Amino acid sequence: MKAIRRFTVRPVLPEPLLPLSDLARNLRWSWHAETRELFQSVDPESWAASGGDPVRLLGSVSPARLAELARDRRFLRRLTAVTDDLHDYLTGDRWYQSQPGALPAAVAYFSPEFGVTAALPQYSGGLGILAGDHLKAASDLGVPLIGVGLLYRHGYFRQSLSRDGWQQEQYPVLDPNELPVVQLGDADGRPAQVTLALPGGKRLHARIWLAQVGRVPLLMLDSDVEENDLGERGVTDRLYGGGSEHRLLQEMLLGIGGVRAVRAYCRITGHPEPEVFHTNEGHAGFLGLERIAELCAEGLDFDSALEAVRAGTVFTTHTPVPAGIDRFDRELVARHFAPDAELPRIDVERILALGMETYPGGEPSLFNMAVMGLRLGQRANGVSLLHGQVSREMFAGLWPGFDPEDVPITSVTNGVHAPTWVAPEVFRLGARQIGAQRAEDALTIGASDRWDSVADIPDQDVWELRRSLREQLVEEVRERLRASWRQRGAGTAELGWIDGVLDPDVLTIGFARRVPSYKRLTLMLRDRDRLTELLLHPERPVQIVVAGKAHPADDGGKRLVQELVRFADDPRVRHRIVFLPDYGMAMAQKLYPGCDVWLNNPLRPLEACGTSGMKAALNGCLNLSVLDGWWDEWYQPDFGWAIPTADGAAMDADRRDDIEAAALYDLLEQRVAPRFYERGQNGLPDRWIEMVRQTLTLLGPKVLAGRMVREYVDRLYTPAAHAHRAMTPDAARELAAWKARVRGAWHGVAVDHVEASAATATAQLGTTLGLRVRVRLGELSPDDVEVQAVSGRVDSQDRITDAASVPLKPAGSQDPEGRWIYEGPLSLDRTGPYGYTVRILPTHRLLASGAELGLLAVPSEETGEGAGVLMR
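Residues numbered from 1 in each chain as written. Predicted model: local features only at pLDDT ≥ 70, side-chain atom pairs only at ≥ 80, totals over all residues. Heavy atoms only, no water.

**Q** Account for the overall build of the chain, with residues named and values stated.
**A** Secondary structure assignment for the chain yields 29 helices and 28 strands. The C-alpha radius of gyration of the chain comes to 29 Å, within 12% of the 29 Å expected for a compact globule of 872 residues. When its C-alpha atoms are laid out on the principal axes, the chain stretches across 95 × 70 × 50 Å. Counting across all 872 residues of the chain, residues that qualify as buried make up 57%. For the chain, the share of sequence-separated contacts (at least 6 apart) that also reach a separation of at least 24 residues comes to 74%. (Helix = DSSP H or I, 4+ residues; strand = E, 2+ residues; numbered from the N terminus. Rg over C-alpha atoms; globule rule 2.2 N^0.38 Å. Buried < 20%, exposed > 50% of the residue type's maximum accessible area, 1.4 Å probe, protein only. Contact = heavy atoms within 4.5 Å.)

**Q** Describe the packing of aromatic side chains, naming the residues involved and giving the relevant values.
**A** Geometrically, a pair of aromatic rings is defined through the distance of the ring centres and the angle of the planes. What the rule picks out here adds up to 20 aromatic pairs. Aromatic side chains Trp 630 and Trp 631 sit 5.3 Å apart centroid to centroid with 70° between the ring planes, which places their arrangement in the edge-to-face category. Exposure class is identical for Trp 630 and Trp 631. Each is buried. Note on Phe 676 and Trp 688: the rings are 5.1 Å apart at their centroids and 90° apart in plane angle, and the pair reads as edge-to-face. Taken together, the positions of Phe 676 in helix 25 (residues 653–677) and Trp 688 in helix 26 (residues 686–699) put the pair 12 residues apart, joining distant regions of the chain. There is no split in this pair, since Phe 676 and Trp 688 are both buried. Following the ring pairs from residue to residue traces out a cluster consisting of Trp 463, Trp 641, Phe 676, Tyr 677 and Trp 688. Geometry around Trp 485 places Arg 488 over its ring, the cationic atom sitting 4.1 Å from the centre. (Phe/Tyr/Trp six-rings, centres within 6.5 Å; stacked < 30°, edge-to-face > 60°. Lys NZ or Arg CZ within 6 Å of the ring centre and 35° of its normal.)

**Q** Which residues make up the side chain of Asp 53, and what values go with them?
**A** Structurally, the position occupied by Asp 53 is in the loop between helix 3 (44–49) and helix 4 (54–60). The contacts of Asp 53, once residues within four sequence positions are left out, are Trp 29, Trp 47, Ala 119 and Glu 178.

**Q** Mind laying out the sheet that holds strand 16 (residues 542–547), listing which residues take part and the relevant values?
**A** Strands in a sheet are paired, the pairing made by backbone hydrogen bonds, and the direction either parallel or antiparallel. With respect to topology, six strands assemble into an open sheet ordered 17-16-15-18-19-20, the strand pairing being parallel. Taken across any chain shown, the strands that pair with only one partner, and hence form the sheet edges, are strand 17 (577–580) and strand 20 (640–643). Direction aside, the axes of adjacent strands within the sheet are offset by 20° on average. Sheet analysis places strand 15 (residues 507–512) next to strand 16, joined by six bridges and oriented parallel. Paired with Gly 510 across the strands is Val 545, a residue of strand 16. Against the sheet, helix 19 (residues 459–487) makes contact with strand 15, strand 16 and strand 17, and its axis sits at roughly 65° relative to strand 17, the strand it touches most. Against the sheet, helix 25 contacts strand 15, strand 18 (597–600), strand 19 (622–626) and strand 20, and its axis sits at roughly 165° relative to strand 20. (Pairing = 2+ DSSP bridges. Axes fitted to C-alpha atoms, helices over the stretch in contact; angles between N-to-C directions.)

**Q** So what about the nonpolar core? Which residues, and what values?
**A** Soluble, globular proteins show a tendency: their nonpolar side chains are buried together. Judged by nonpolar contacts, the single largest core of 106 residues is most densely connected at Leu 507, Met 524, Ile 544, Leu 624, Trp 641 and Trp 688. The element contributing the most residues to this core is helix 25, with 10 residues. Sequence-distant contacts of Trp 688, that is, excluding residues within four places in its chain, are made with Trp 463, Leu 507, Asp 596, Val 597, Leu 622, Trp 641, Val 672, Arg 675 and Phe 676. Formed by 63 residues, the second largest nonpolar core is a distinct cluster that contains Leu 196, Leu 239, Leu 253 and Tyr 265. (Core = buried A, V, L, I, M, F, W, Y, C linked by side-chain atoms within 4.5 Å.)

**Q** Summarise helix 21 (residues 555–569); cite the residues concerned and give the values.
**A** Compared with the 21 Å implied by 1.5 Å per residue over 15 residues, the 20 Å span of helix 21 between its first and last C-alpha is a close match. By the burial criterion, the buried members of helix 21 are Gly 557, Lys 558, Leu 560, Val 561, Gln 562, Leu 564, Val 565, Phe 567 and Ala 568. Lining the buried residues of helix 21 we find strand 3 (158–161), strand 4 (167–170), helix 20 (528–535), strand 16 and strand 17. At the N-terminal end of helix 21, a side-chain oxygen is found 3.2 Å from the backbone nitrogen of Gly 556, two or three residues along, and the residue is Asp 554. (Expected span 1.5 Å × (residues − 1). Polar contact = N/O pair within 3.5 Å; in protein donor to acceptor, adjacent residues only side chain to side chain.)

**Q** Tell me what's going on with helix 2 (residues 33–42), and back it up with residues and numbers.
**A** In an α-helix, one turn spans 3.6 residues, which is why side chains three or four residues apart end up on the same side. Residues Thr 35, Leu 38, Phe 39 and Val 42 constitute the buried set of helix 2. Taken around the axis of helix 2, the buried residues stretch over an arc of 95°, which confines them to a single face. As for helix 2, its buried residues are in contact with helix 1 (19–25), helix 3, helix 4, helix 5 (63–70) and helix 6 (73–91). (Arc of directions from axis to C-beta.)

**Q** Explain the environment of Leu 469 to me, using residue names and the numbers behind them.
**A** Positionally, Leu 469 belongs in helix 19. Those residues in contact with Leu 469, other than ones at most four positions away along the chain, are Ala 423, Glu 425, Val 426, Pro 593 and Gly 594.

**Q** Explain the side chain of Gln 562 residue by residue, including any values.
**A** Summarising the element assignment, Gln 562 is placed in helix 21. Judged by relative accessible area, Gln 562 falls into the buried class, the value being 12%. Side-chain polar atoms of Gln 562 contact the backbone oxygen of Asp 164, separated by 3.1 Å.

**Q** Could you give an account of a positive patch on the surface, with specific residues and numbers?
**A** Positive charge collects at one region of the surface, where Arg 73, Arg 74, Arg 77 and Arg 78 lie side by side. Structurally, Arg 73 is set in helix 6. (Patch = residues over 30% accessible without salt bridge, like charges linked within 9 Å, V, L, I, M, F, W, Y side chains within 5 Å. Areas by Shrake-Rupley, 256 points an atom, 1.4 Å probe, with all protein chains shown as cover. Salt bridge = Lys/Arg side-chain N within 4 Å of Asp/Glu carboxyl O. Lys, Arg positive; Asp, Glu negative; His and termini not counted. Charge placed at Lys NZ, Arg CZ, Asp CG, Glu CD.)

**Q** Can you lay out unusual backbone geometry for me, pointing to particular residues and giving the numbers?
**A** In this model, Arg 604 is joined to Pro 605 through a cis peptide bond whose omega is 5°. Locating Pro 605 in the fold gives a position in the loop between strand 18 and helix 23 (612–617). Backbone geometry at Leu 343 places phi at a positive 50°, although glycine is not the residue there. Relative to the helices and strands, Leu 343 is located in the loop between helix 12 (330–336) and helix 13 (348–354). The backbone of Leu 502 sits at a positive phi, close to 60°, despite the residue not being glycine. Turning to its location among the elements, Leu 502 is positioned in the loop between helix 19 and strand 15. On the accessibility criterion, Leu 502 (3% relative accessible area) is buried.

**Q** Quick one: what's the story with the pattern of salt bridges, residue by residue and with numbers?
**A** On inspection of all chains with the given rule, the structure shows 68 salt bridges. The closest approach of N and O atoms between Arg 153 and Asp 224, which form a salt bridge, is 3.0 Å. Placement of the pair is Arg 153 in the loop between strand 2 (145–150) and strand 3 and Asp 224 in the loop between strand 8 (216–222) and helix 8 (230–233), with a sequence separation of 71 residues. Measuring nitrogen to oxygen at the nearest pair gives 3.5 Å for the salt bridge that ties Arg 819 to Glu 817. What you see here is one network of salt bridges that share partners, running through Arg 520, Arg 526, Asp 654, Arg 656, Asp 657, Asp 658 and Glu 660.

**Q** Could you give an account of the packing of helix 11 (residues 302–311) against helix 28 (residues 729–745), naming the residues involved and the relevant values?
**A** Direction vectors running N to C along helix 11 and helix 28 enclose 110°, while the axes themselves pass 8 Å from each other. The angle between the axes of helix 11 and helix 28 places the two elements in the roughly perpendicular class. When the axes of helix 11 and helix 28 are compared, the crossing they make is right-handed. Facing helix 11, whose interface residues are Asp 303, Ser 304, Glu 307, Ala 308 and Arg 310, helix 28 presents Ala 732, Arg 733, Leu 735, Ala 736 and Lys 739. A breakdown of the residues in the contact of helix 11 with helix 28 according to their chemical character gives four nonpolar, one polar and five charged. (Parallel < 35°, antiparallel > 145°, perpendicular 65-115°, else oblique. Left-handed = near helix turned anticlockwise from the far one by under 90°. Nonpolar A, V, L, I, M, F, W, Y, C, P; charged D, E, K, R; others polar.)

**Q** Before we move on, could you go through the environment of Tyr 156 and cite the residues and values that matter?
**A** Relative to the elements of secondary structure, Tyr 156 occurs in the loop between strand 2 and strand 3. When the C-alpha atoms of Tyr 156 and Pro 172 are compared, they prove to be 9.0 Å apart, with 16 residues separating the residues in sequence. If sequence neighbours within four positions are ignored, Tyr 156 has contacts with Pro 121, Tyr 123, Ser 124, Leu 239, Tyr 240, Lys 549, His 551 and Pro 552.

**Q** Talk me through the sheet that holds strand 25 (residues 809–810); I want residue IDs and the actual numbers.
**A** Strand order across the open sheet formed by four strands is 21-22-26-25, with antiparallel pairing between neighbours. Each edge of the sheet is formed by a strand with only one pairing partner; in this case those strands are strand 21 (750–756) and strand 25. Strand direction decides the pairing type here: strand 25 and strand 26 (residues 819–827), joined by two bridges, are antiparallel. Across the sheet, the residue bridging to Pro 810 is Tyr 822, located in strand 26.

**Q** Let's hear about the pairing of strand 9 (residues 276–280): which residues, and what values?
**A** Of all five residues making up strand 9, five are buried, and the element is well covered by its neighbours. Across the two faces of strand 9 the burial is the same, with Val 276, His 278 and Asn 280 and Phe 277 and Thr 279 all buried. In the sheet, strand 1 (residues 107–110) pairs with strand 9 via four bridges, with the strands oriented parallel. By the bridge assignment for strand 9, Val 107 is matched with Val 276. Here four bridges tie strand 9 to strand 10 (residues 313–316), and the two strands are oriented parallel to one another. For Phe 277, the partnering residue across the bridge sits in strand 10 and is Thr 313.

This is how it looks when you write it as structure tokens:
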């Protein structure tokens, strides 16, 4: 029979064991080995049954066992040591507290998903795992971050397979009372809530759950409350589910409700108010509207409030394709921001203008969340060097007239949280070499460029570690494969073959990620006969472990999964290639360390970063990847292989896949497998071990989330906090009025004449030219603009590449015709075809970039004729 009501019965812990409850509620246990080992010792069988979840563990341990532990002096000493360690971690100074300068008092970090631990399944893929790693690294560094997200009652789906290999989804109900979260309440115990106004006088209520991620609070909003009607209760039902209006409501709750939740949390706890708001992808973009509304309520007009909000906002885009961005029907957005709905004091047309695709090819009837994010954030970034370049090209239409390299979107390459993803055995080997504390610091702070101490680890130790991890993966795969086949309806008698699946001495390749078409799950199947030969090679066999989920609405992705599963079901190869359903954090933590090679073969440049290969690298796994995302930035032949790409503009998609698959087979057959199986005089694969060593030495420090968060602090959070402090109400009004004046007068700005001190077509390296430029500024003054000389090498169309700019200075006063003269030197510091031009940009002390207004004046073709190209 089915229960008509569900509730959670909590255990009563004996007084000596009360600290266990605090340890269970702080998610630091998810990356702190000593805490996990303590919980495991409470009851090893219950720990395994709970999936390594301390909250579930404590709910299942018998009173008799708890009473026994309360008298166990050895256990209590361990409990005291772990509790003291957590207290020191939470209260002591860390990296952030030792930095000079006026750093942000607090940063609010908004994301639609967070992958902190498998015990809190609120993630679907890379975006959520990255957000979880961001919080953990911020905690380790002492950065005063507040995370903001939603608590989904079904999380993301659980994946299983039908007998014929078709993906099936289940949505288990998550009871917050059984999760490592607590409800945020006022001092008198009343639950804290946020409320949004909906069209027609309705209300959307949400309570606030708090997950403590080390030092970082994570606030999660949950609409499944009694005050809501059935439709509103379902707003936070599942991650990335439902139709367009459902998604819009989720994103309004995340952004607008999230700001209100942050205000409630700071009021209740006394936490400093955030000076910086970080929007992790466009889903949370509405947070900027709520902050504008707050300032308007304090007396600022919309334009001034917009400038104040922009100053303290950082926007991170993770999407290299327009199709990956949330776009809503303009009328739907208008209805939800109408006078009878949310933010009634703000003119709905001003809101709609923030998300309008005003660039060529844009769709004016749609509201673009990423476009709004860029317009509401003074600072923006992509998540790898290549992705920053792709983003500048993709969004260049918002800055008309500017070359993509001038578009104000920078990049901070993602990193991964090493204590979460490094196998305990790898950490112990490092700790044995340099000591536990130094090893922990190296993995969390990431302050060094190289881990040279890896060179001192004997080859034998490296190889034994790799084999041990591979052996653990083999056992894990067999266990999961057996469970999967039972779900698919197989009986025990059919499954004897699973005991021979994989071999701990065979080269093991991992491929695990979401299954959109661009990640090309089935590229390895392009030539099945050739793949089969690789898998069954008599001297140098290869084995492959594959995992991944297709979105529930993506039948194309599901067909790719089925195609892979059916190949892996073939009795001829099923001992060498497996598909594991229900890819998630728990599986990943076994998969990355156990693989020798991590495969990634997306369509370049559609992988924004691709952090799975980073997690593998931290465990000594070598990368075999298309040069995309982070691999394009850091690849070296010393520690991996690059799959060549066939990405010419006229390349047919099928032909491209054929060429790149053939290149993949060639690499595996001719370079990867021979190096793995080749043995030196000592019987070890010396050259392979050296590549593992180089991976750890050179890649290890780069791929850390600690390095990533330090970059965010230095390059984005601190400048944003300084801009926020400078943007007083009067300064915001000044900047808004200045921008309006400049926009209104820009039609009168022009470059009238350009001349150089030398007019020859050649010049010597080191020569300095004198530039003299006559400009018209119309109603503006020299204080409103900067006139720049832009120079660099030129291509065959005289386009300047690798440009450098220097400001020119006004010489004298305005002439009778209203023109100004600007002068300055231009140093010819490079050989070869070289050219220059001049441009006029708006300038103001409160701008973060000269491109911020999207206004630019350059010479006409007639003005620049004969004065631009200097050397051939």
